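# Chain and residue survey
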Amino acid sequence: MTQRFGNFIGGEYRDPASGEYLASTNPATLETLYEVASSDERDVDAAVRAAKAAFESPEWRRTTATQRGHLLRRLGDLIGEHADELAEYESLDNGKLLREMRGQLRGLPEYLYYYGGLADKIQGSTIPAASTDIFNYTLREPLGVVGAITPWNSPLTLTTSKLSPALAAGNTLVIKPSEYTSRAILRFAELALEAGFPAGVVNVVTGTGVGAGSPLVDHPDIAKISFTGSTGTGAAIASKTASRFVTTTLELGGKSPQIVFDDANIENAATGIVAGVFAAAGQTCIAGSRVFAHKSVYDELLERVTQRASTIKLGDPLDDATELGPIAFEGQYDKVREYIAIGEREGANLHYGGRRPDVDLPGYFLQPTIFTDTTANMRIVREEIFGPVTAITPFEHEDEVLAAANDTNYGLAAGVWTRDLNRMVRLSRGIDAGTIWFNMYRMMSPQSPRQGFKDSGVGTEHGIESMYDYTRLKSVWINTDDSPAADPFVLRTK
């Protein structure tokens with residue numbers, strides 16, 4: 001019998017109010033893995049109420065910042081102890097390579113250790129006043145209940161990047177994972193309870209965006225929404241939250257450029273391009289899917305990338321020999337294939353791939369795909385595909401390629417391959433993106449902040465900066481002078 005999971009609310013599993021469940025499917029084998037609650041506004045309300053009660057409870061209120069840090073570090077230890085189990089859940093759910101997920105999960109505790117260390121470093125300040133009789137200082141306080149809505153491509157990593165600073169600051173959470181990848185997040189919530197977080201501090205409500213996501217965004221007791229996903233959904237969330245003055249952090253889409261200059265290490269650049277768009281089957285917001293190569297190295301780079309793409313081993317993501325697993329689910333598979341067809345219809349040259357490979361599994365597999373002879377107005381160049389599809393274009397001058405790199409609605413990331421330090425400095429200022437890698441691609445750290453520019457989002461993830469997005473700032477004024485009050489009709493400045 002297929003295993004079923006309810007919502008994790010108030011430290012326990014609860015059946016959905018509707019009594020309905022959604023099946024999760026292994027994208028490599030198309031077998032049903034388990035079922036999760038198909039939640040609606042009643043389940044969301046129960047979860048938010050549990051989180052609000054926990055936030056207001058003396059048990060959580062009286063937990064010091066240092067104690068919150070200890071709890072986060074304990075949770076980090078538990079994640080490390082269960083890394084292989086959690087990695088397998090993610091690999092089965094979304095088709096990512098098990099060996100990659102093991103590496104990610106073994107590094108995931110560092111997020112919890114980092115924010116655990118920052119928990120008691122959230123400090124206010126004293127403000128010099130115009131009068132010695134006035135004592136003015138600031139406090140940073142938690143916001144309340146945070147709604148975290150996370151996608152299917154990196155469930156645990158993206159959830160942890162929200163949960164860690166939120167808990168360190170003293171908030172409570174309701175997490176709405178993707179309906180395609182809920183198992184690891186539910187297990188994460190169990191481990192948070194085991195680590196010692198009070199019941200109700202971390203809650204998980206599963207289901208669709210319409211059924212569970214929208215009610216979470218709309219709930220009157222939500223103090224903040226942190227969302228990672230598509231730009232269109234992010235814009236809809238921002239519109240809703242703005243009308244209620246609810247703060248948001250939005251990590252959205254990308255169409256990131258990779259620029260290879262004539263002085264680059266071409267072998268390393270080719271490897272970086274493969275990593276940037278073919279790793280994880282291109283299902284990452286930072287995918288370097290627009291490649292620009294200097295005309296003097298264009299042919300060599302194209303040959304190297306094509307040769308490596310042709311040798312990528314597709315297959316079962318649980319097999320350590322596999323280099324590229326399936327697309328995560330049928331809808332995304334169909335979307336990527338449609339974009340490949342669009343590229344061909346628009347006149348781009350399908351240089352390599354674009355078809356279903358000969359794989360001994362029935363899942364959503366697709367060859368790594370390379371387009372050439374593209375133009376800047378083509379949809380495959382302008383729109384986020386979220387699959388293993390890239391376009392490689394020659395350029396001649398730095399100014400030309402900088403303009404091309406910035407000719408996008410997105411501004412999430414960029415990669416540049418060059419040995420010229422002066423050029424690195426120029427382009428670090430000139431490229432309109434929140435993260436820029438030089439002579440590398442696809443690396444992140446909890447210590448290093450990430451922002452999306454333009455349609456790629458608002459707010460900060462990672463780094464000490466993200467802590468402030470989960471707090472509110474209060475200014476406190478104390479008058480120590482007992483002498484008669486001044487004129488009540490004049491604004492006091494001293």
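Keep in mind it's a predicted model, so treat the numbers as computed, not measured.

Among the 7 residues that make up strand β17 (residues 389-395), 6 are buried, leaving the element largely enclosed by the rest of the structure. The pairing of strand β16 (residues 369-372) with β17 spans 3 bridges and is parallel. Bridge pairing in β17 links T369 to V389.

This part is about the packing of helix α4 (residues 83-94) against helix α8 (residues 183-195). At a minimum axis separation of 8 Å, α4 and α8 run at an interaxial angle of 155 degrees. On the basis of the axis angle, α4 is roughly antiparallel to α8. Touching E85, L86, Y89, E90 and D93 of α4 are R183, A184, R187 and L191, all from α8. The residue makeup of the contact of α4 with α8, split by class, is 4 nonpolar, no polar and 5 charged.

This paragraph deals with the environment of V336. Here V336 is to be found in helix α13 (residues 330-345). For V336, a relative accessible area of 0% corresponds to the buried category. In this structure V336 touches L366, I385, F386, G387, P388 and V389, once residues within four positions along its chain are discounted.

With that settled, consider the UniProt feature "active site" (unreviewed entry) in the chain. Using the residue numbers shown here, the UniProt feature "active site" (unreviewed entry) corresponds to E251. Residue classification places E251 among the buried positions, given a relative accessible area of 6%. The contact partners of E251, leaving out residues within four places of it in the chain, are L158, F227, T228, G229, C285, R450, S456 and E461.

With that out of the way, let us pick up helix α1 (residues 41-56). Between its terminal C-alpha atoms α1 stretches 22 Å, which fits the 22 Å expected from 16 residues at 1.5 Å a residue. All buried positions along α1 are accounted for by D43, V44, A47, V48, A50, A51, A54 and F55. One face of α1 carries all of its buried residues, which in axial projection span an arc of 155 degrees.

Calculation rules
Residues numbered from 1 in each chain as written. Predicted model: local features only at pLDDT ≥ 70, side-chain atom pairs only at ≥ 80, totals over all residues. Heavy atoms only, no water. Buried < 20%, exposed > 50% of the residue type's maximum accessible area, 1.4 Å probe, protein only. Helix = DSSP H or I, 4+ residues; strand = E, 2+ residues; numbered from the N terminus. Pairing = 2+ DSSP bridges. Axes fitted to C-alpha atoms, helices over the stretch in contact; angles between N-to-C directions. Parallel < 35°, antiparallel > 145°, perpendicular 65-115°, else oblique. Contact = heavy atoms within 4.5 Å. Nonpolar A, V, L, I, M, F, W, Y, C, P; charged D, E, K, R; others polar. UniProt positions renumbered as here; feature names shortened; annotations may be inferred. Expected span 1.5 Å × (residues − 1). Arc of directions from axis to C-beta.

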